[in-house]
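# Fold and geometry: a report
One-letter residues, chain by chain:
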Amino acid sequence: MYGGRSGPRLWNAVESYSTAVPTVLRRRAIDDLMAGGLPYSGKLLGHTSCVNSLAISKDGRWLASAGDDPNVYLWDFNQEIVSKPSWGFVGPRANVFTLAFSASGLYLYSGDTRADIFQYDMSHLTSPTASRTRHSRAPSASDSQHDESIRAISCHPVQDHIFLSAAEDGRVILHDMRTDARHSGAQGLLQQIAPFSSVQYHPTMSQIFATSDSQGEVWLRDARMAFGPLAGRHRNGGVHKVRTADCGLQAIYTQAQYVTTIAERGGGRMARPEASSLAFDMDGRRLALTILHHHSTLYAIDDSYPIATFSGRHNPDGSPVLPGEPTWSNSCTMKHGSFGGFGSDRETYYAHGSDDFQTYLWNIPDDTAALRDRRVVVEADDWYAQTHGSPGEVGYAQSSLSPRYIPVELSVPHARLRGHDSIVNSALIHPTRPYLLTAGIERFIRLHSPHACAPYVTRTPPDVRAVPASDPDSRMLLLRAMGIIDDPGPGHEEDEGGPEGDDRQTIALFDQILRAEGGRDVFALRAFGGGGVGDSDSDAEMADSDQRSDGGIEA
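Since we're looking at a predicted model, the values are computed, not measured. (Residues numbered from 1 in each chain as written. Predicted model: local features only at pLDDT ≥ 70, side-chain atom pairs only at ≥ 80, totals over all residues. Heavy atoms only, no water.)

### Here we look at the overall build of the protein
- In terms of regular secondary structure, the protein is built from ten helices and 37 strands.
- Taking as baseline every contact in the protein between residues at least 6 positions apart, the subset at least 24 positions apart corresponds to 63%.
- If you sum the accessible surface of the protein, you get close to 22,300 Å²; carbon and sulfur atoms cover 49% of it. (Helix = DSSP H or I, 4+ residues; strand = E, 2+ residues; numbered from the N terminus. Contact = heavy atoms within 4.5 Å. Areas by Shrake-Rupley, 256 points an atom, 1.4 Å probe, with all protein chains shown as cover.)

### Here's the deal with the pattern of salt bridges
- According to the stated counting rule, one finds 24 salt bridges in the structure shown.
- Asp-345 is the salt-bridge partner of Arg-27, the closest N and O atoms lying 2.9 Å from each other. Of the two residues, Arg-27 is situated in helix α2 (residues 23-34) and Asp-345 in the loop between β26 (338-340) and β27 (349-353); the sequence distance between them amounts to 318 residues.
- The exposure class of Arg-27 is partly exposed, given its relative accessible area of 26%.
- Of the charged contacts in the structure, one is a salt bridge between Asp-366 and Arg-286, with a shortest N-O distance of 3.9 Å. Note that Asp-366 is positioned in the loop between β28 (359-363) and α6 (368-374) and Arg-286 in strand β23 (residues 286-291), a separation of 80 residues in sequence. (Salt bridge = Lys/Arg side-chain N within 4 Å of Asp/Glu carboxyl O. Buried < 20%, exposed > 50% of the residue type's maximum accessible area, 1.4 Å probe, protein only.)

### Quick look at the side chain of Thr-211
- Relative to the assigned elements, Thr-211 resides in strand β15 (residues 208-213).
- There is a polar contact of 3.0 Å between the side chain of Thr-211 and the side chain of Arg-221.
- Those residues in contact with Thr-211, other than ones at most four positions away along the chain, are Val-172, Phe-196, Ser-198, Val-199, Glu-217, Val-218, Trp-219, Arg-221 and Leu-278. (Polar contact = N/O pair within 3.5 Å; in protein donor to acceptor, adjacent residues only side chain to side chain.)

### Topic: the sheet that holds strand β6 (residues 96-101)
- A sheet is described by the order of its strands in space; here four strands give the open sequence β6-β7-β8-β9, paired in antiparallel fashion. Pairing within the sheet leaves two strands with one partner each, and these edge strands are β6 and β9 (141-143). Between one strand axis and the next, the sheet turns through 20 degrees on average, direction left out of account.
- Relative to strand β7 (residues 107-112), β6 runs antiparallel, the two sharing five bridges. When the bridges of β7 are listed, Val-96 appears paired with Asp-112. (Pairing = 2+ DSSP bridges. Axes fitted to C-alpha atoms, helices over the stretch in contact; angles between N-to-C directions.)

### Some details on the sheet that holds strand β35 (residues 436-440)
- What the five strands build is an open sheet, ordered β34-β35-β36-β1-β37; its pairing is antiparallel. The sheet terminates laterally at β34 (424-429) and β37 (458-459), the two strands that pair on one side only.
- For strand β1 (residues 40-45) and β37, the ladder comprises two bridges, and the chain directions are antiparallel. Bridge assignment links Tyr-40 to a residue of β37, and that residue is Arg-459.

### Some words on the nonpolar core
- Grouped together as the largest cluster of nonpolar side chains are 23 residues, with contacts concentrated most on Val-218, Leu-220, Tyr-258, Leu-287 and Leu-289.
- For this core, the elements supplying multiple residues, two or more each, are β15, β16 (218-222), β22 (275-280), β23 and α10 (522-525).
- Ignoring sequence-local partners within four residues, the contact set of Tyr-258 consists of Val-218, Leu-220, Leu-287, Tyr-299, Ala-300, Ile-301, Asp-303 and Ser-304.
- Counting residues in hydrophobic clusters, the runner-up holds 20 residues, among them Leu-63, Trp-75, Phe-77 and Ile-81. (Core = buried A, V, L, I, M, F, W, Y, C linked by side-chain atoms within 4.5 Å.)

### A few points about α2
- For α2, spanning twelve residues, the distance from its first C-alpha to its last is 17 Å, which sits close to the expected 16 Å at 1.5 Å a residue.
- For α2, the set of buried residues is Arg-26, Ile-30 and Met-34. Relative to the axis of α2, the buried residues are bounded by an arc of 65 degrees and lie together on one face. Opposite its buried face, α2 presents the exposed residues Val-24 and Asp-32, each directed more than 90 degrees away. (Expected span 1.5 Å × (residues − 1). Arc of directions from axis to C-beta.)

### Topic: the pairing of strand β36 (residues 444-449)
- The element β36 is extensively covered by neighbouring structure, given that six of its six residues are classed as buried.
- Of the two faces of β36, the one holding Phe-444, Arg-446 and His-448 and the one holding Ile-445, Leu-447 and Ser-449 are both buried throughout.
- Two elements, β1 and β36, share six bridges in a ladder whose sense is antiparallel. Pairing of Tyr-40 across the sheet is with Ser-449, part of β36.
- With three bridges joining them, β35 and β36 adopt antiparallel strand pairing. Bridged to Thr-438 within β36 is Arg-446.

### A look at the packing of aromatic side chains
- What the rule picks out here adds up to twelve aromatic pairs.
- Between the aromatic rings of Tyr-107 and Tyr-109, the centroid separation amounts to 6.2 Å while the plane-to-plane angle is 50 degrees, which identifies the pairing as tilted.
- Accessibility expressed as a relative area gives 0% for Tyr-109, which makes it buried.
- Relative to Trp-362, the ring of Phe-310 has its centre 5.3 Å away and its plane inclined at 50 degrees; by these criteria the two rings are tilted. You can see Phe-310 sitting in strand β25 (residues 308-310) and its partner Trp-362 sitting in strand β28, a full 52 residues away along the chain. No difference in accessibility class separates Phe-310 from Trp-362, as the two residues are buried.
- The side chain of Lys-43 reaches across the aromatic face of Phe-444, ending 4.5 Å from its centre.
- Taking NZ or CZ as reference, Arg-265 lies 4.3 Å from the ring centre of Trp-383, over its face. (Phe/Tyr/Trp six-rings, centres within 6.5 Å; stacked < 30°, edge-to-face > 60°. Lys NZ or Arg CZ within 6 Å of the ring centre and 35° of its normal.)

### As for empty space enclosed by the protein
- Tallied over the entire structure, the rule returns one cavity of 30 Å³ or more.
- One number sums up the size of the largest cavity: a volume of about 40 Å³.
- Counting residues per element, the lining of the largest cavity draws most heavily on α2, which supplies three residues.
- Of the residues in the lining of the largest cavity, the class split is two nonpolar, three polar and three charged. (1 Å grid on protein atoms, 1.4 Å probe; cavity = no way out; pocket = protein on both sides within 12 Å on 5 of 7 lines; lining within 4 Å. Points joined across faces, edges and corners; volume = space filled by probe spheres on them. Nonpolar A, V, L, I, M, F, W, Y, C, P; charged D, E, K, R; others polar.)

### A word on unusual backbone geometry
- A cis amide bond links Asp-69 to the next residue, Pro-70, at an omega of 15 degrees.
- With respect to the helices, strands and loops of the structure, Pro-70 is situated in the loop between β3 (62-67) and β4 (72-76).
- One non-glycine residue, His-293, adopts positive backbone phi at about 65 degrees.
- Inspection of the secondary structure assignment puts His-293 in the loop between β23 and β24 (296-300).
- In this structure, Phe-357 is a non-glycine residue whose phi angle is positive, near 75 degrees.
- With respect to the secondary-structure elements, Phe-357 resides in the loop between β27 and β28.
- Since its relative accessible area comes to 2%, Phe-357 is described here as buried.

Written out as structure tokens, the structure is:
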């Protein structure tokens, strides 16, 4: 079942550009390699249903994947060819939506819709003397403190046993797998009413983490104020000032909450869309949000207002996307984007999936200050008077009476990647190689590359499937996908056989969801009263745990 070691060796930036090569030359070489995009791709096969989550170890060796199977697979990029999983873990009994490697890669963690977290010991895979047995496929530990679906796990940047989890029960939990959760669980709990959608540790400041929730609120928090005894907590961990000289940033962060409320010029409408996931770049200077029914958004970590949005209004060659042509959208699934450098020492690229069955790769200007300087600020009176700008223009505002901040629109993607026949939910840039991995509704992972790096990697087909109008065949597939009528089973004339043939029912289901949900007006779906930041069901109504004990987890 698991992959072999024949075929050409995959490209490795660490081997090709050693530390002896000057940084500038290494950056230039990788930029030259990426100039033509990633026109080649191949499928990594092994899953039997949707692939919901991808994670990769810091050294770039291990790719982990999981989904609706609910199998957890490992793919070894140290092998000469990667086309099938090298190892599989068992444990989850429901859909897995999040995976995370610990700081050193010693453990892999998974979280699923049954609210179970499993820890997998990776030592038997990295040690040359350890054996791989059936027992080593089982979890080494588990945790069931959450009550509802787990949306995100983020591992401590230094300590392997510590991680954060966020779930739809409105909880962020600080875990230390070396201790008994019953002894310190209450003090490692951050509770609110709104379901959390994501949590991420800052990559260089281990006491800082960010959260997003279903109410659209995004907070930068300090673990020392968010967890522990009640007397030591303050503003639910919201950051006041954080000195960052230890990670090379010449700034002091003074905000706790990022502004995600949008305002429409002309009609005065406001909305706070849901932030479905967030990601830091490698040094923690920038934070990107994937947002439902709105563009993904880029923040400088020390600025409450966004500095850029990713619109996809133009094609990679700079020409405008014509009316009726597909472009980036996000209306119905949980998507996860990632920063990356494809082996460079800096992460200037950002990738995210789309409802138009494509993956968008952006080359972000490295000068954050320049992006901030290009942002336009419009006073509320001028915004309503429409003294400049155009009707329908969108700005970010704390309240109906506060200034509108219009971030820079990044409308020309570096590349637009194809190869999927349905929604792309995950886009993960490999840290040491020029690869981008994508997954979503279908049961495969697609590896995108600038060249044909393996026998199964060929030039990606240029066509993109369009969502068809509903017809009798699509309605039949939809009814089968929903379990309303029985599947005819293998051998039926409509069955194409093989894993990809079976994807048709799932694709038909999400085609119907797109027909129903795609293109809806965010200002109608997520109307915001304009009362100001912090007036939703999130931190303004934070509910602390009833039971608390002394002691806590030190992050």
